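As a plain string of letters, each chain reads:
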Amino acid sequence: VRDATRQAQQTLSPALSTLREIMEDKGEQAQARITAARSVLEYSLKLCEQTDILEQLRELEKWREETDGRS
């Protein structure tokens, strides 16, 4: 599973670049550009949400370590 995760992570940047190219290509059909833009937005929002959640989790873990043993 970890290997699959690493492989998936390595494809994120090229995939987003491809979507961005389609989104910005005025020669592409409007529907293709809209679909690419929608995908970029969806993936970007999910990534931001996950990053925020991970940061909050790190802060909670740090707080727990700092207060562990204190009553």
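As a reminder, the structure under discussion sits directly above these lines.
Residues numbered from 1 in each chain as written. Predicted model: local features only at pLDDT ≥ 70, side-chain atom pairs only at ≥ 80, totals over all residues. Heavy atoms only, no water.

Draft legend 1. Focus on the pattern of salt bridges. Per the counting criterion, the structure on display carries 3 salt bridges. A salt bridge links Arg20 to Glu24; the nearest nitrogen and oxygen atoms lie 3.0 Å apart. Of this pair, Arg20 and Glu24 both sit in helix H1 (residues 2-24), 4 residues apart, which is roughly one turn of that helix. A salt bridge links Arg58 to Glu55; the nearest nitrogen and oxygen atoms lie 3.8 Å apart. Linking Arg58 with Glu55, this pair stays in helix H2 (residues 30-67), spanning 3 residues, or about one helical turn. (Salt bridge = Lys/Arg side-chain N within 4 Å of Asp/Glu carboxyl O. Helix = DSSP H or I, 4+ residues; strand = E, 2+ residues; numbered from the N terminus.)

Draft legend 2. Summary view of H1. Given a rise of 1.5 Å per residue, 23 residues ought to cover 33 Å, and the 34 Å separating the end C-alpha atoms of H1 matches this to within 8%. Of all the bends in H1, the greatest reaches close to 30 degrees and is centred on Leu12; the proline Pro14 follows between one and four positions later. (Expected span 1.5 Å × (residues − 1). Bend = angle between axes of the 7 residues up to and from the residue.)

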